[in-house]
Amino acid sequence: MAATPSPTDAPADVRAWPALWALCLGFFMILVDTTIVTVATPAIIEDLGADVNAVVWVTSAYLLAYAVPVLITGRLGDRFGPRRVYLIGLSVFTLASLWCGLTSTVEMLIIARVVQGLGASMMTPQTMAVITRIFPAERRGRAMALWGATAGVATLVGPILGGILVDSLGWEWIFFINVPVGVVGLVLAWRLVPVLETHAHRFDWLGVLLSGVGMFLLVFGIQEGHQLGWDAVVWALIGGGLVVIGLFVAWQAVNTKEPLMPLGLFGDRNFSVSSVAISTMSFAATAMGFPLMLWAQLVLGYSPTGAALLMVPMAVVSIVMAPIVGRFTDEVHPRILTGFGFAITAGALFWLSRVIGVDTPVWEISVPMAVLGFGMAGIWAPLAATATRNLPLALAGAGSGVYNATRQVGAVLGSAAIAVAMDSELAAQGLTVGGSPEAAGSGAGLPSVVLEPFSEAMAQSMLVPVVVLLLGLVAVMFFVTPRHLEARVVTPVADDAAAAPA
């Protein structure tokens, strides 16, 4: 006898897979925008007459507005319905994209990016929450495989698409491209995503205030630490953010009505482990691109598009492996899948750091990049599926908000840490040029005498995400057997006992 399917709260006639494809289109678009601006930095500087620090804020403002409200917007989906909140967020994101492309000053572009980030923060938790609510736990792995592959591939496609658009049409088109895609996404989501039951939550306004202020101070401090030289103000911001987040957690513990972040979520060990592990994966995925892109452009002399194309083997393997991993995600213990995923990803990234040099041929980069894609496919989807399998449906939005908040904080930490690592390694090599993330995409060459030490600095800095991935590997060893797999073990035993002769 098969185990009884786990419940969902979707209407009986819902078409789950078309709904998921509709959501993934919007999710893909907002994740691409976290990386697409990097290669447009020189063009924006030249066209808008801005300095580098101002243009860095074009990305920083988006990441801040995206990361800070995620806890809150996840809860909004529970209260008002994930479909409604997703559609509002996608509308805001699409209109803000048009605004970004039409701006004529860097200041207005930064403001438009803040609005765009707010729209993205409304959308992201809803995609994961809808999957949790329309797919039963025992079939959720394949759905999360598509969601996870979308997240992984989007971070790779951003620089490639950005380079092509900037080289052919101009920097404005990295934003204009979102408008038709956003319109199509709105129509599909309106038609295909079901209206799900809402849950009449009280809104925890003090929790909203504390989480928003704490996340802002922490993310802003980490994000700007490199630019501000990690001075006393930066550490005060980070320390203040940690204090306020501590107050937020304390308030959630004593709030007897309905907290913004139910701490009971962390009573599920698999949810807690998944949240820690995804932050390490997001850290590594964000950090690895900066030294690789700088090395490809400043040492090998590649154009932004040419450098970004080095990511293609990783993207292709990730796409091919996604449905395969999805099938295993529903059948295999998450400790095994994610353990292999983290081990292979860390090994491939270490391999990549060892082959970076002045005369490295493309194939020597392509092979470890393909292995990276193989390893990452075993991380994104299994982590997302394992995080949500045991959550009550009424807390799908809250759980999704927490999970995505840790993912975003991991990305911010990765960006800040790799900048410090590159500066440190460059200083150790006696160099002081090209070591900041904002330099990526410049395409400026280096004197031949510094090519070797610069390559060595970039290679050594890539060991930072390797170490963090190993921490993720340790974390996933603490996964326990998900309930749907326990049911498959227990049910046949019960059936055999019932069938035994008296």
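The rules behind each value
- Residues numbered from 1 in each chain as written.
- Predicted model: local features only at pLDDT ≥ 70, side-chain atom pairs only at ≥ 80, totals over all residues.
- Heavy atoms only, no water.
- Helix = DSSP H or I, 4+ residues; strand = E, 2+ residues; numbered from the N terminus.
- Contact = heavy atoms within 4.5 Å.
- Areas by Shrake-Rupley, 256 points an atom, 1.4 Å probe, with all protein chains shown as cover.
- Phe/Tyr/Trp six-rings, centres within 6.5 Å; stacked < 30°, edge-to-face > 60°.
- Buried < 20%, exposed > 50% of the residue type's maximum accessible area, 1.4 Å probe, protein only.
- Lys NZ or Arg CZ within 6 Å of the ring centre and 35° of its normal.
- Patch = residues over 30% accessible without salt bridge, like charges linked within 9 Å, V, L, I, M, F, W, Y side chains within 5 Å.
- Salt bridge = Lys/Arg side-chain N within 4 Å of Asp/Glu carboxyl O.
- Expected span 1.5 Å × (residues − 1).
- Bend = angle between axes of the 7 residues up to and from the residue.
- Axes fitted to C-alpha atoms, helices over the stretch in contact; angles between N-to-C directions.
- Parallel < 35°, antiparallel > 145°, perpendicular 65-115°, else oblique.
- Left-handed = near helix turned anticlockwise from the far one by under 90°.
- Nonpolar A, V, L, I, M, F, W, Y, C, P; charged D, E, K, R; others polar.
- Core = buried A, V, L, I, M, F, W, Y, C linked by side-chain atoms within 4.5 Å.
- pLDDT = per-residue confidence, 0-100.

### Some words on the overall build of the chain
Step number 1: For the chain, the helix and strand inventory stands at 21 helices and zero strands.
Step number 2: Restricting the contact set of the chain to residue pairs at least 6 apart, pairs at least 24 apart contribute 85%.
Step number 3: For the chain, the exposed area adds up to about 19,100 Å²; of that, 70% sits on carbon and sulfur atoms.

### Description of the packing of aromatic side chains
Step number 1: One pass over the structure, following the stated rule, counts eight aromatic pairs.
Step number 2: When the ring of Trp173 is compared with that of Phe176, the centres are 5.3 Å apart and the planes differ by 80 degrees; the resulting orientation is edge-to-face. One end of the pair is Trp173 and the other is Phe176, both in helix 8 (residues 173–176) and three residues apart, which spans about a single turn.
Step number 3: When its relative accessible area of 38% is taken as the criterion, Trp173 is described as partly exposed.
Step number 4: Here Trp230 and Trp235 contribute two aromatic rings whose centre-to-centre distance is 5.5 Å and whose plane-to-plane angle is 40 degrees, an arrangement assigned as tilted.
Step number 5: Site record: aromatic cluster; members linked through ring pairs are Trp57, Phe216 and Phe220.
Step number 6: Cation over ring: Arg79 sits above Phe80, and NZ or CZ is 5.0 Å from the ring centre.
Step number 7: Above the plane of the ring of Trp190 lies Arg83, whose end atom (NZ or CZ) is 4.7 Å from the centre.

### Things to note about unusual backbone geometry
Trans peptide bonds make up the majority, and among non-glycine residues the majority have a negative phi.
Step number 1: For Trp230, which is not glycine, the phi dihedral falls at a positive 50 degrees.
Step number 2: Along the chain, Trp230 falls in the loop between helix 10 (205–224) and helix 11 (232–254).

### Things to note about a nonpolar patch on the surface
Step number 1: On the surface, Leu309, Val312, Val316 and Val320 cluster together to form a nonpolar patch covering roughly 300 Å² of accessible area.
Step number 2: Within the element layout of this structure, Val316 appears in helix 14 (residues 312–329).
Step number 3: Take Val316: its relative accessible area is 44%, and that puts it in the partly exposed class.

### Some words on helix 14
Step number 1: Compared with an ideal rise of 1.5 Å per residue, which puts 18 residues at 26 Å, helix 14 spans 25 Å between its outermost C-alpha atoms and is within 8% of the ideal.
Step number 2: Along helix 14, the sharpest kink reaches roughly 40 degrees, centred on Ala322 and followed within four residues by the proline Pro323.
Step number 3: Within helix 14, the full set of buried residues consists of Met314, Ala315, Ser318, Met321, Ala322, Val325, Gly326 and Thr329.

### Digging into the pattern of salt bridges
Pairing is possible between side chains of opposite charge, provided their charged atoms come close.
Step number 1: Counted under the stated rule, the structure contains three salt bridges.
Step number 2: The closest approach of N and O atoms between Asp78 and Arg75, which form a salt bridge, is 3.5 Å. A residue pair is termed a helical-turn pair when its members lie 3 or 4 positions apart in one helix, as Asp78 and Arg75 do in helix 4 (residues 70–80) at three residues. Here the two residues Asp78 and Arg75 agree in accessibility, since each one is buried.
Step number 3: Between Asp330 and Arg389 there is a salt bridge, and its shortest N-O distance comes to 3.0 Å. Of this pair, Asp330 sits in the loop between helix 14 and helix 15 (334–355) while Arg389 is found in the loop between helix 17 (380–388) and helix 18 (396–428), placing the two residues 59 residues apart along the sequence. The same class applies to Asp330 and to Arg389, which are both buried.

### Quick notes on the packing of helix 15 against helix 20 (residues 463–476)
Step number 1: With their axes 9 Å apart at the nearest point, helix 15 and helix 20 run at an angle of 165 degrees to one another. On the basis of the axis angle, helix 15 is roughly antiparallel to helix 20. Classified by chirality, the crossing of helix 20 by helix 15 is left-handed. Side by side, helix 15 and helix 20 meet where Arg335, Thr338, Gly339, Phe342, Ala343, Thr345, Ala346, Leu349, Phe350, Ser353 and Arg354 of the first sit next to Leu463, Pro465, Val466, Leu469, Leu470, Gly472, Leu473 and Val476 of the second.
Step number 2: Grouping the constituent residues of the contact of helix 15 with helix 20 by class yields twelve nonpolar, five polar and two charged.

### Thoughts on the packing of helix 1 (residues 16–32) against helix 5 (residues 82–102)
Step number 1: For the pair helix 1 and helix 5, interaxial distance at closest approach is 11 Å and the crossing angle is 40 degrees. With respect to their mutual orientation, helix 1 and helix 5 come out oblique. Where helix 1 crosses over helix 5, the two elements pack in a sense that is left-handed. On helix 5, the residues that touch Ala22, Leu23, Gly26, Phe27, Met29 and Ile30 of helix 1 are Tyr86, Leu90, Phe93 and Thr94.
Step number 2: Split by residue class, the contact of helix 1 with helix 5 holds eight nonpolar, two polar and no charged.

### Quick look at the environment of Gln408
Step number 1: Looking at where Gln408 falls in the secondary structure, it is placed in helix 18.
Step number 2: Counting along the chain gives 341 residues from Gln408 to Ala67, while the straight-line C-alpha distance between them is 5.7 Å.
Step number 3: When neighbours within four sequence positions are excluded, Gln408 is seen to be in contact with Leu63, Tyr66 and Ala67.

### Describing helix 12 (residues 269–298)
Step number 1: Taking 1.5 Å of rise per residue, the 30 residues of helix 12 would be expected to cover 44 Å, and the 45 Å separating its terminal C-alpha atoms lies within 8% of that figure.
Step number 2: For helix 12, a buried count of 26 out of 30 residues is recorded, marking the element as mostly surrounded by other parts of the structure.

### Considering the nonpolar core
Step number 1: Of all hydrophobic cores here, the largest spans 142 residues; its most connected members are Ile30, Met281, Leu352, Met369, Leu372, Leu383 and Phe454.
Step number 2: If you tally residues by element for this core, the top one is helix 12, at 17 residues.
Step number 3: For Met369, the contacting residues outside a window of four places in its chain are Met288, Leu292, Leu310, Met311, Pro313, Met314 and Leu352.

### Describing the confidence of the model for the chain
Step number 1: Mean pLDDT over the chain works out to 85, with 90% of the residues at or above the 70 mark.
Step number 2: Between the elements of the chain, mean pLDDT differs from a low of 56, seen in helix 21 (residues 483–499), to a high of 98, seen in helix 20.
Step number 3: Low pLDDT, under 50, characterises residues 433–444; the predicted model gives this stretch 39 contacts beyond four residues in sequence or across chains.
Step number 4: Overall, residues 491–502 carries pLDDT values under 50, and its contacts beyond four positions in sequence, including any with other chains, amount to four contacts.

### Description of the environment of Pro323
Step number 1: When you line up the elements, Pro323 lands in helix 14.
Step number 2: On the basis of relative accessible area, Pro323 is assigned to the partly exposed category, the value being 45%.
Step number 3: In this structure the C-alpha to C-alpha distance between Pro323 and Met144, which are 179 residues apart in sequence, comes to 9.8 Å.

### Digging into the environment of Ile365
Step number 1: You can see Ile365 is positioned in helix 16 (residues 362–377).
Step number 2: It is 7.4 Å that separates the C-alpha atoms of Ile365 and Leu310, two residues lying 55 residues apart in sequence.
Step number 3: Apart from residues lying up to four places away in sequence, Ile365 is in contact with Trp295, Leu310, Leu352, Val355, Ile356 and Thr360.

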